[in-house]
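Observations on the model geometry
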Amino acid sequence: MFLLRKDKLQKIINAALKEKRYLLNEIESKNLVKSYKIPVVTTKLATNLKEARDIASKLKFPLVMKIVSNDISHKSDIGGVVLGVSSLREVDSNYKSMMRAVKKANKHAVIQGVAMQPMVDDGIELVVGVTTDQQFGPVLMFGLGGVFVEFMKDVSFKLIPLRKVDAKNILSEIKSKEILLGARGFPKIDLIKLQELILNVSNFVQDNPEIEEVDLNPVIANSKEMLAVDARIVLKQQV
């Protein structure tokens, strides 16, 4: 199952817990979920402008650039996220402007770098997440993203661990399930791959009891692939 060795995966978790840091950064979160064959968009960390240019040269434009800092929670609000970067010149200008914006918002913020990834916008937005209920334990949530989850609250829940039949049923329980099958001009997505993704999220949380929350939002799915564009992991606070 693992793409990342179990000891390396545990090392990432233990290092964060030792620092009493319970919200993992985007790079850490993506590496952890990727280790369970959960597909994520290629994301590289640039720790300086030269690295940003080198990474951009190897990725496909347009790009997304996002500040990576444990001291900044709402990155979009302070200019820490830039979409549609289409040239090395724009990489230069956006890198510098993002650094200025973050320091203006919080001059004491420690910046690990800038996460860089190709833009993925051709498909249906899905949401896969996990929360931990005090009584029932970890609960997996699935739904359509974007306006569907924001306004329609069209989501379904299952207790972890999930079986194959649970992963199949959770897809059929949302009100807008026909969209997954290509209704209204939406791309028909691979339901088997989606079920596998959901099962892998369940396995990931079951195997790592230190996990409190997982948020894959959005997962972009089309007829060819599905990729988690953003990943967020929260660890349980130690008592």
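Before any of the text, the structure's been laid out above.
Conventions used here
- Residues numbered from 1 in each chain as written.
- Predicted model: local features only at pLDDT ≥ 70, side-chain atom pairs only at ≥ 80, totals over all residues.
- Heavy atoms only, no water.
- Helix = DSSP H or I, 4+ residues; strand = E, 2+ residues; numbered from the N terminus.
- Buried < 20%, exposed > 50% of the residue type's maximum accessible area, 1.4 Å probe, protein only.
- Polar contact = N/O pair within 3.5 Å; in protein donor to acceptor, adjacent residues only side chain to side chain.
- Contact = heavy atoms within 4.5 Å.
- Pairing = 2+ DSSP bridges.
- Axes fitted to C-alpha atoms, helices over the stretch in contact; angles between N-to-C directions.
- Expected span 1.5 Å × (residues − 1).
- Left-handed = near helix turned anticlockwise from the far one by under 90°.
- Nonpolar A, V, L, I, M, F, W, Y, C, P; charged D, E, K, R; others polar.

1. Here we look at the side chain of Asp166
- Assignment of secondary structure puts Asp166 in helix H6 (residues 164–172).
- Judged by relative accessible area, Asp166 falls into the buried class, the value being 12%.
- Looking at Asp166, its side chain comes within polar contact range of the main-chain nitrogen of Arg163, at 2.8 Å.
- With near-sequence residues (within four places) excluded, Asp166 lies in contact with Lys158 and Pro161.

2. What about unusual backbone geometry?
- With omega at 0 degrees, the peptide bond leading from Phe61 into Pro62 counts as cis.
- Along the chain, Pro62 falls in the loop between helix H3 (49–58) and strand E2 (63–68).
- Between Asn217 and Pro218 the backbone carries a cis peptide bond, its omega angle lying at 5 degrees.
- Positive phi values are uncommon outside glycine, yet Lys37 reaches one of about 60 degrees.
- Turning to its location among the elements, Lys37 is positioned in the loop between helix H2 (26–34) and strand E1 (44–46).
- Even without being a glycine, Arg184 presents a positive backbone phi close to 60 degrees.
- For Arg184, a relative accessible area of 80% gives the class exposed.

3. Regarding the sheet that holds E1
- Reading across the sheet, the 4 strands line up as E1-E4-E2-E3 and stay open at both edges, with antiparallel pairing between neighbours. Two strands lie at the open edges of the sheet, namely E1 and strand E3 (81–85), each paired on one side alone. Between one strand axis and the next, the sheet turns through 25 degrees on average, direction left out of account.
- Bridge analysis of E2 against strand E4 (residues 113–118) gives 6 bridges, and the strand direction is antiparallel. Note on E4: the bridge partner recorded for Met65 is Met116.
- Sitting on the sheet, H2 touches E1, E2 and E4, and the angle it makes with E4 is about 50 degrees.
- Contacts from helix H4 (residues 88–105) reach E1, E2, E3 and E4 within the one sheet, and its direction differs from that of E2 by about 25 degrees.

4. What about H4?
- Along its 18 residues, H4 runs 26 Å from first to last C-alpha, staying within 8% of the 26 Å computed at 1.5 Å per residue.
- Against E1, H3, E2, E3 and E4 lie the buried residues of H4.

5. Comments concerning the packing of H6 against helix H7 (residues 191–207)
- Following both chains from N to C, one finds H6 and H7 inclined at 115 degrees, their axes separated by 9 Å at the closest point. For the crossing formed where H6 meets H7, the hand is right-handed. Along the contact surface, H6 presents Lys164, Ala167, Lys168, Ile170 and Leu171, while H7 presents Leu191, Leu194, Gln195, Ile198 and Leu199.
- Split by residue class, the contact of H6 with H7 holds 7 nonpolar, 1 polar and 2 charged.

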